[in-house]
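Structure at a glance
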Amino acid sequence: MHAYLRTPDWKRTVALTGATVHNPAKAIDGWTEVDLDQHAYALGNEQVSEPFFCPDGTWRVTHDYDPEQGFINAAPLSFGGLRASAAAWRIAAQRLKDDEDIDQLTLECNQLLAQGKVLELSKRICVWGGKTGPRVWGNLKRFHAAEGDERFSELETKLLRWLTEAATQNDPGVAIQPGVDIQGLDVSYASKHLRILFPDDHATLDSIICQRMGYALNPAGYRLFIDSLKAFKASSAGLPPRLGDMESGLFYLLIRGRPSVV
């Protein structure tokens, strides 16, 4: 039985497991084709596992496979066209959290919010948010003048009011709207603020999920995305318990795409 991993992921799992690979896997256009029987230990052991893409279009992990019975777990979960076993989704979420130290950022940003240090909080989230983050933070500073200026104080007031009220707001569209209204923020980076601070109830809606799954980058689209995640979680066993972690797993798998040979 064959499956595929992005080549950097294959190299990482071999290094983490310490496996000795006697039969080299075959590299194909940025992906590595593996044999689930020959490379089982390299793909995962009790401490380490890495999601792989199967020819039927589903992401799985070694815990889903038995050499004699084949794929042994229940039918894969499907969300917006992405198919994955619950175990693969959980492990993908953990991979992204570990790679980006997201839980530590959540802890530190909530401490900053409690202290009212929302400018430092916002800067940290923007920088974490990706290659466009420094530009977003730069725009916030440019639109709201230099630190210590009256307009920068206004930004601080708006951020503090928004994030404090969002903590108790049940409607995700209402929760994100004041952030979107701040000049320099958009749905993507406003949702990153909510995801980091309140991962139980919020997730990031960025251009990747928008383009791949069709959610609009506006408050109504954000509400639909969060409601869809909640409904999916309620109907599917074994997923990460927090919406932010569910989205982390989704994002981790989406950005890997799919091999051209499948």
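Quick summary incoming for the structure in this document. Quantities reported herein were computed from a predicted structural model and do not represent experimental measurements.

Let's talk about the packing of aromatic side chains
Enumeration over the complete set of coordinates arrives at 8 aromatic pairs. Their ring planes at 40 degrees and their centres at 5.0 Å tell us that phenylalanine 79 and phenylalanine 232 sit as a pair that is tilted. Of this pair, phenylalanine 79 sits in strand β8 (residues 77-79) while phenylalanine 232 sits in helix α11 (residues 219-235), and the two are 153 residues apart along the sequence. Residue phenylalanine 79 is classed as buried on the basis of its relative accessible area of 5%. Taking relative accessible area as the criterion, phenylalanine 232 reaches 8% and is therefore assigned buried. Arranged with centres 5.3 Å apart and planes meeting at 45 degrees, the rings of tryptophan 89 and phenylalanine 232 form a pair that is tilted.

Regarding unusual backbone geometry
At aspartate 29, a position not held by glycine, the phi torsion is positive, near 50 degrees. You can see aspartate 29 is positioned in the loop between β2 (26-28) and β3 (31-35). Taking the relative accessible area as the measure of exposure, aspartate 29 reaches 63% and is therefore exposed. The backbone of aspartate 101 sits at a positive phi, close to 50 degrees, despite the residue not being glycine.

Here's the deal with helix α3 (residues 86-100)
The end-to-end C-alpha separation of α3 is 22 Å, in line with the 21 Å expected for 15 residues at 1.5 Å each. The first or second residue beyond α3 is aspartate 101, which carries a positive phi of 50 degrees.

Quick word on the environment of lysine 233
With respect to the element layout, lysine 233 can be found in helix α11. With near-sequence residues (within four places) excluded, lysine 233 lies in contact with Leu239, Pro240, Pro241, Leu243 and Met246.

Describing the nonpolar core
If you look at soluble globular proteins, the nonpolar side chains tend to sit buried side by side. Formed by 64 residues in total, the largest nonpolar core has its most connected members in Phe79, Trp89, Trp162, Leu194, Phe225 and Leu250. Setting aside anything within four residues of it in sequence, one finds leucine 250 in contact with Phe79, Leu82, Trp89, Ile209, Met213 and Phe225. Formed by 12 residues, the second largest nonpolar core is a distinct cluster that contains Ala3, Val14, Val34 and Tyr65.

Things to note about the layout of surface pockets
Computed from the structure, the largest pocket encloses a volume of approximately 430 Å³. Around the largest pocket, the lining comprises 26 residues; the ones closest to its centre are Gly129, Ser188, Tyr189, Lys192 and Asp206. Among the elements of the structure, α3, α6 (133-143), α9 (187-197), α10 (207-213) and α12 (243-254) are those that each provide at least two residues to the lining of the largest pocket. A per-element tally of the lining of the largest pocket places α9 first, with 4 residues. Taken together, the residues of the lining of the largest pocket break down into 9 nonpolar, 9 polar and 8 charged. The space that makes up the second largest pocket amounts to roughly 230 Å³. Lining the second largest pocket are 13 residues; nearest its centre among them are Gly81, Leu82, Leu254, Gly257 and Arg258. Of all elements in the fold, only β9 (82-84), α10 and α12 reach the threshold of two or more residues within the lining of the second largest pocket. Classifying every residue of the lining of the second largest pocket gives 6 nonpolar, 4 polar and 3 charged.

Reading the values: the criteria
Residues numbered from 1 in each chain as written. Predicted model: local features only at pLDDT ≥ 70, side-chain atom pairs only at ≥ 80, totals over all residues. Heavy atoms only, no water. Phe/Tyr/Trp six-rings, centres within 6.5 Å; stacked < 30°, edge-to-face > 60°. Helix = DSSP H or I, 4+ residues; strand = E, 2+ residues; numbered from the N terminus. Buried < 20%, exposed > 50% of the residue type's maximum accessible area, 1.4 Å probe, protein only. Expected span 1.5 Å × (residues − 1). Contact = heavy atoms within 4.5 Å. Core = buried A, V, L, I, M, F, W, Y, C linked by side-chain atoms within 4.5 Å. 1 Å grid on protein atoms, 1.4 Å probe; cavity = no way out; pocket = protein on both sides within 12 Å on 5 of 7 lines; lining within 4 Å. Points joined across faces, edges and corners; volume = space filled by probe spheres on them. Nonpolar A, V, L, I, M, F, W, Y, C, P; charged D, E, K, R; others polar.

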